[in-house]
Amino acid sequence: MAKSKGQTTREKVEAGLPRRRRKELMFKFVGMLATTVGVVFLGVFFSTLIAEGSSAFKQTFMKLDIELAEDVIAPGGELDLAYADFDGLVRSALREAIPEVSGRRDRRELYRLVSVGAAYQLRDLVEANPELVGTKQTMWVPASSNVDMLIKGNIDAELDESLRPISDKQIAWVGTLQDDGRIETRFNKALFTNGDSRDPELAGIKGAVMGSLYMLIVTIALSFPIGVAAAIYLEEFAPRNRWSDLIEVNINNLAAVPSIVFGLLGLAVFINWASLPRSAPLVGGLVLTLLTLPVIIIASRAAIKAVPPSIREAALGLGASQTQVVFHHVLPLALPGMLTGTIIGMSRALGESAPLLMIGMVAFIVDVPGGFNDPATALPIQIYLWADSPERAFAERTSAAIIVLLGFLLLMNLAAVILRKRMERKW
Amino acid sequence: MQSTTLILLLGFMATAAFYFGRGRSLSLVGGPGHGTALHSLPGYYGYYVAIWVAIPALALLLLWVMVEPKLIVTLVVSGLPEAYRDLSPGELNLLINNIQNLASGDVVSVAVDETLQAAANQFNQYAAQSRQILAVLALGFAGLGGAIAWRRIHPDLRARNRVERVIRWFLIAASSIAIFTTVGIVLSVLFEAIRFFQKVPITEFLFGLNWSPQMAIRADQVGSSGSFGAVPLFTGTLLVTAIAMVVAVPVGLMTAIYLAEYSSARVRATAKPLLEVLAGIPTVVYGFFAALTVAPWVRQAGESVGLEVASESALAAGLVMGIMIIPLVSSLSDDAINAVPTAMRDGALGLGSTRSETMTKVILPAALPGIVGGILLAVSRAIGETMIVVMAAGLAANLTANPFEAVTTVTVQIVTLLVGDQEFDSAKTLAAFALGLMLFVVTLFLNVIGLNVVRKYREQYD
């Protein structure tokens, strides 16, 4: 045994052990900490999202007894939906509900308790049932977003009057309405059936969801066949030459190119050069196709690679041509894996927003798009637009829209997992 | 005839052609019982005829759709009175737009006079004629193709080989789209960038310290010459990226190490999918979270210790971006760590080193190239990330390295320059493409190196 300073090696090692064990523990602890960072963020993220967004699925409604006065809606016995003063009817019903309000300023404040959507609702009702003209209807109409926020507790009534968007008087009136049983929170159907709106209480995500849907239809119709064909060629037919290498390098690089660059491509090629319409789901779908193609090709190639060569050899041995081998045997066996990859690619396309900003899909569009050439937004873009709006009620809706978007993504990924589990074959 | 109806009709014709072709091949050899006398299976003769019917007609349709609008516009313009033909290109464009809007019954921006109305009528007339000619030609092509193929059917015709050759070309075309996409990106960005550099010298763009991309409407306006020095954007991008990397690299790496070496199988089975969820959250959601939750929190925390923090600080955007990139770093590090041969690890453990010593002194040095490649990919991802910085970082171009101040990035500027109305020959719009070119070149460079390093490293231990 070598000795130095009167210690054996064994003693030296033993002397170092506590320090080394401490280091080991520290290292392990740091690792644990790092792992928890991601998980904790996820927890904080989802809890704030749900805390913030769940209230948007409820909406405050107000019960009003509205006199459908004949001289307003149908002057001279003829229905006049375009110019009838439905607002006036709602206002007089409101005055009736809280009779003690007087003076122009107070009345104007009173009118702000109810949403402008009440008049639309009234008009739709009369349009559908003209025979109701002249009767008195008890209706639940949406309250304004400020009342909604107050009822949900998002506006602090203790705050100084100048610091909140709703006045002391208005709070008192809301209290009266509540005591009369005229205020109720219900499921927020408008969120799912309306397009965008400047008024938070009327804004919904249907337009954005339909826009996303049209875009995904274009994307899947193009990227699935093209992606699968490209994967088949590269795996089964391509000779090992420079052209195939070039294609391969290209695909790997495209998968890592920033998505906004695809937006620039879409703007320059599809909109400026091919003069396709701006803000159209068609163009969005084309850009997303280019974006998702590499993902689908890479996944499809992996699925084709997983098919054992014995199957190809058996078919070739029986006299099938190479094309027949691929289309009769390899493709059906690789299809589940290809579909899984496609679903993953689609979920990426659904969450993508940066390239869509470039091709003009970031516009305030009220109408629900009805086709591939109509102006539209997408769900992530709607989230972006609402996140920029200053009203408190839009913050709540943004979170709700995010919950819906994440729900869709979850469903798609779940479908991919189930597909993989059920169709996966072990060779 | 609408082009959708035309396509449907062609599809129907192709289907019919398939059955006719198959029937013809069989009847030539004397019925279904004698199929072996044919070179190929009867179905291939069907496909052969169907291809002849569909492909020439569809090619014509595609060509027509691409050429038609420009042709009609040229015809309409040439039919306009003398006075209109000397208009400047911009005015002419406006006129054409108005004619088109009038023709389709939309709102028109000028008073409708007789010439305009006549031109719009002319436009509609040409469009109707064009559609008629197209329908006749396409159906004619389909019929002609079908007849040619029909005549060519013969028991010795190598129908399978021909059909397979068409399939092969389709597959090649599909796989070439990746190349066309890259070429398209390079060309579209490069051309606009070159136009930009004709207006603004490239040296000013690359080395100028002042970024304020407004263009004047009149020449004598204040600040009529926008300045396009992109250095503040580059530093801003680098600052946000650096903050993101400071978060993502240690956390991602330590997570990978912990999950690979220390955690129980159960922890790994729950933590890994959770981290993958992190990777699947859309970036716009991260942006919302950064702007509405993290940024105010950073600001408060900074103020409570007496720091002045901008409400759109680089720190908030960088932190959230870092969290977004954790899964990427951890999964690439995980790959690299797992690729190190077990023999090396077992050897180190057998010599008595602790697990942390094995990791830091043996495995990490061996895995370093793979990890570095992964980090390069992560940096490229951070540089190109858009939504988080658009929502949480600022718009003003500050030349600063202080993470508490607001900075702007290349991607933010591309978005702000291109969102909204734009004309395509102002330096302001073209600047976005120059920035896009920079972004593309830098990320391409990082990706190529990163991908190569990762691949080489994998091969090294295989």
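Please read all numbers here as calculations on a predicted model, not as lab measurements. (Residues numbered from 1 in each chain as written. Chains lettered and ligands numbered in written order. Predicted model: local features only at pLDDT ≥ 70, side-chain atom pairs only at ≥ 80, totals over all residues. Heavy atoms only, no water.)

Caption draft 1: Region of the structure containing the overall build of chain A. What chain A contains, in helices and strands, is 17 helices and three strands. For chain A, whose C-alpha radius of gyration is 31 Å, the value lies well above the compact-globule estimate of 22 Å for 427 residues. Taken over the C-alpha atoms alone, chain A extends approximately 100 × 80 × 40 Å along its principal axes. Classification of the 427 residues of chain A by burial places 49% in the buried group. Here chain A has roughly 20300 Å² of accessible surface; of this, 58% comes from carbon and sulfur atoms. (Helix = DSSP H or I, 4+ residues; strand = E, 2+ residues; numbered from the N terminus. Rg over C-alpha atoms; globule rule 2.2 N^0.38 Å. Buried < 20%, exposed > 50% of the residue type's maximum accessible area, 1.4 Å probe, protein only. Areas by Shrake-Rupley, 256 points an atom, 1.4 Å probe, with all protein chains shown as cover.)

Caption draft 2: A look at the side chain of Asp334 of chain B. All names here are of chain B. Mapped onto the elements, Asp334 comes out in helix H11 (residues 314-339). Residue classification places Asp334 among the buried positions, given a relative accessible area of 11%. In this structure the side chain of Asp334 is engaged in a polar contact, spanning 3.0 Å, whose partner is the side chain of Lys272. Those residues within four positions of Asp334 in sequence are excluded, and the remaining contacts are Ala256, Ala260 and Lys272. (Polar contact = N/O pair within 3.5 Å; in protein donor to acceptor, adjacent residues only side chain to side chain. Contact = heavy atoms within 4.5 Å.)

Caption draft 3: Summary view of unusual backbone geometry. Here Ser279 of chain A, not a glycine, exhibits a phi torsion of approximately 60°, which is positive. Mapped onto the fold, Ser279 of chain A is located in the loop between helix H11 (259-273) and helix H12 (281-305).

Caption draft 4: A look at the interface of chain A and chain B. Facing 72 residues of chain A, the contacting portion of chain B comprises 76 residues. Roughly 6300 Å² of surface becomes buried between chain A and chain B when both sides are summed, with 77% attributable to carbon and sulfur atoms. Three residues stand out in chain A for area buried against chain B, namely Phe27, Phe41 and Leu264 of chain A, and they jointly supply 10% of the buried area on that side. Joining chain A to chain B, the criterion identifies one salt bridge. Put simply, Glu357 of chain B and Arg20 of chain A hold a salt bridge, and the shortest N to O gap is 2.8 Å. Taken together, chain A and chain B are joined by twelve residue pairs in polar contact (both at pLDDT 80 or more). Looking at the side of chain A that touches chain B residue by residue, the class counts come to 51 nonpolar, 16 polar and five charged. (Buried area = accessible area lost by both parts, 1.4 Å probe. Salt bridge = Lys/Arg side-chain N within 4 Å of Asp/Glu carboxyl O. Nonpolar A, V, L, I, M, F, W, Y, C, P; charged D, E, K, R; others polar.)

Caption draft 5: How the structure looks around the packing of helix H12 (residues 342-350) of chain B against helix H13 (residues 355-384) of chain B. All names here are of chain B. In the contact formed by H12 and H13, the axes pass within 9 Å of each other and the chain directions differ by 145°. Between H12 and H13 lies a crossing of right-handed hand. Along its contact with H12, which presents Met344, Arg345, Ala348 and Leu349, the element H13 presents Arg355, Thr358, Val362, Ile363 and Ala366. Residues that form the contact of H12 with H13 fall into these classes: six nonpolar, one polar and two charged. (Axes fitted to C-alpha atoms, helices over the stretch in contact; angles between N-to-C directions. Left-handed = near helix turned anticlockwise from the far one by under 90°.)

Caption draft 6: Seen up close, helix H1 (residues 3-29) of chain B. Residue and element names in this part refer to chain B. Relative to the 39 Å expected for 27 residues at 1.5 Å per residue, H1 spans 39 Å between its end C-alpha atoms, a close match to the ideal helical length. If you follow the buried residues of H1, they end up packed against helix H2 (42-78) and helix H5 (114-152). Of the residues trailing H1, Gly30 is marked for its positive phi of about 95°. (Expected span 1.5 Å × (residues − 1).)

Caption draft 7: Structural detail: the confidence of the model for chain B. Chain-level pLDDT for chain B is 86 on average; 94% of the residues reach the 70-or-more range. For chain B, per-element mean pLDDT is lowest for helix H3 (residues 82-85) of chain B, which scores 70, and highest for helix H8 (residues 231-262) of chain B, which scores 93. (pLDDT = per-residue confidence, 0-100.)

Caption draft 8: Focus on the domain arrangement of chain B. When cut into domains, chain B gives domain 1 (3-157) and domain 2 (227-461). One C-alpha centre belongs to domain 1 of chain B, the other to domain 2 of chain B, and the line joining them spans 50 Å. (Domains from an automatic or database assignment.)

Caption draft 9: Structural detail: the sheet that holds strand E1 (residues 58-67) of chain A. Residue and element names in this part refer to chain A. Here we have three strands laid out as an open sheet, ordered E2-E1-E3, and antiparallel in their pairing. Where the open sheet ends on each side, the last strands, each with one partner, are strand E2 (136-142) and strand E3 (183-187). Across the sheet, the mean angle from the axis of one strand to that of its neighbour is 40°, orientation sign disregarded. Bridge count between E1 and E2: seven bridges; the pairing is antiparallel. Note that in E2 the partner of Met62 across the bridge is Val141. Across the sheet, helix H5 (residues 117-128) lies against E1 and E2, angled at about 135° from E2, the strand it touches most. (Pairing = 2+ DSSP bridges.)

Caption draft 10: Examining the packing of aromatic side chains more closely. Under the criterion given, the structure shown has 21 aromatic pairs over all chains. Judged by centre distance (5.4 Å) and plane angle (80°), the ring pair of Phe196 of chain B and Phe228 of chain B falls under edge-to-face. With Phe196 of chain B in helix H6 (residues 159-199) and Phe228 of chain B in strand E2 (residues 227-228), this residue pair connects regions lying 32 residues apart in the sequence. Like Phe196 of chain B, the residue Phe228 of chain B is buried in the burial classification. Over the face of the ring belonging to Phe61 of chain A we find Arg186 of chain A, whose NZ or CZ atom lies 5.8 Å from the ring centre. Sitting over the ring of Phe364 of chain A, Arg198 of chain A keeps its end group 3.7 Å from the ring centre. (Phe/Tyr/Trp six-rings, centres within 6.5 Å; stacked < 30°, edge-to-face > 60°. Lys NZ or Arg CZ within 6 Å of the ring centre and 35° of its normal.)

Caption draft 11: Just the domain arrangement of chain A, in detail. Residue and element names in this part refer to chain A. For chain A, the assigned domains read domain 1 (59-186) and domain 2 (206-423). Computed over C-alpha atoms, the centres of domain 1 and domain 2 are 46 Å apart. The contact between domain 1 and domain 2 buries some 390 Å² in all, and 45% of this surface belongs to carbon and sulfur atoms. For the domain 1 face of the interface with domain 2, the top three residues by lost area are Gln59, Met149 and Asn154, together amounting to 72%. Counting every contact that joins domain 1 to domain 2 gives one salt bridge. A salt bridge links Lys152 to Glu396; the nearest nitrogen and oxygen atoms lie 2.9 Å apart. Applying the counting criterion to the domain 1 and domain 2 interface returns three residue pairs in polar contact (both at pLDDT 80 or more). Top contributing element to the side of domain 1 that touches domain 2 by residue count: helix H6 (residues 145-151), with three residues.

Caption draft 12: Here's a closer look at the pattern of salt bridges. Residue and element names in this part refer to chain A. Counted under the stated rule, the structure contains 21 salt bridges over all chains. For Asp65, the salt bridge is made with Arg182, and the minimal N-O distance between the two is 3.0 Å. Here the residue Asp65 occupies a position in strand E1, and Arg182 occupies one in the loop between helix H7 (168-179) and E3, the gap between them amounting to 117 residues. Since its relative accessible area comes to 21%, Asp65 is described here as partly exposed. For Arg182, a relative accessible area of 14% translates into the label buried. Residue Glu184 pairs with Arg186 through a salt bridge whose shortest N-O separation is 3.3 Å. Salt bridges sharing common partners tie together Asp148, Lys152, Glu396 and Arg397.

Caption draft 13: Expanded view of a positive patch on the surface. A contiguous patch of positive charge on the surface is contributed by Arg19, Arg22 and Lys23 of chain A together with Lys361 of chain B. Ranked by the residues each element gives to the positive patch, the list is headed by helix H1 (residues 9-53) of chain A, at three residues. Mapped onto the secondary structure, Lys23 of chain A falls in helix H1. Residue Lys23 of chain A is classed as exposed on the basis of its relative accessible area, which comes to 52%. (Patch = residues over 30% accessible without salt bridge, like charges linked within 9 Å, V, L, I, M, F, W, Y side chains within 5 Å. Lys, Arg positive; Asp, Glu negative; His and termini not counted. Charge placed at Lys NZ, Arg CZ, Asp CG, Glu CD.)

Caption draft 14: Inspection of H2 of chain B at higher detail. With 37 residues, H2 of chain B extends 54 Å between its outermost C-alpha atoms, agreeing within 8% with the 54 Å of an ideal straight helix rising 1.5 Å per residue. At Val67 of chain B, H2 of chain B shows its largest kink, close to 40°, and the proline Pro69 of chain B lies no more than four residues downstream. (Bend = angle between axes of the 7 residues up to and from the residue.)

Caption draft 15: Broad picture of the pairing of E1 of chain A. Bridge count between E1 of chain A and E3 of chain A: five bridges; the pairing is antiparallel. In the sheet register, Gln59 of chain A faces E3 of chain A, and the bridge partner there is Arg186 of chain A.

Caption draft 16: Examining a nonpolar patch on the surface more closely. Residues and elements named next belong to chain A. Together, Met26, Phe29, Val30, Met32 and Leu33 line one region of the surface with nonpolar side chains, adding up to about 460 Å² of accessible area. If you trace the backbone, Phe29 turns up in helix H1. In this structure Phe29 comes out as partly exposed when scored by relative accessible area, which is 47%.

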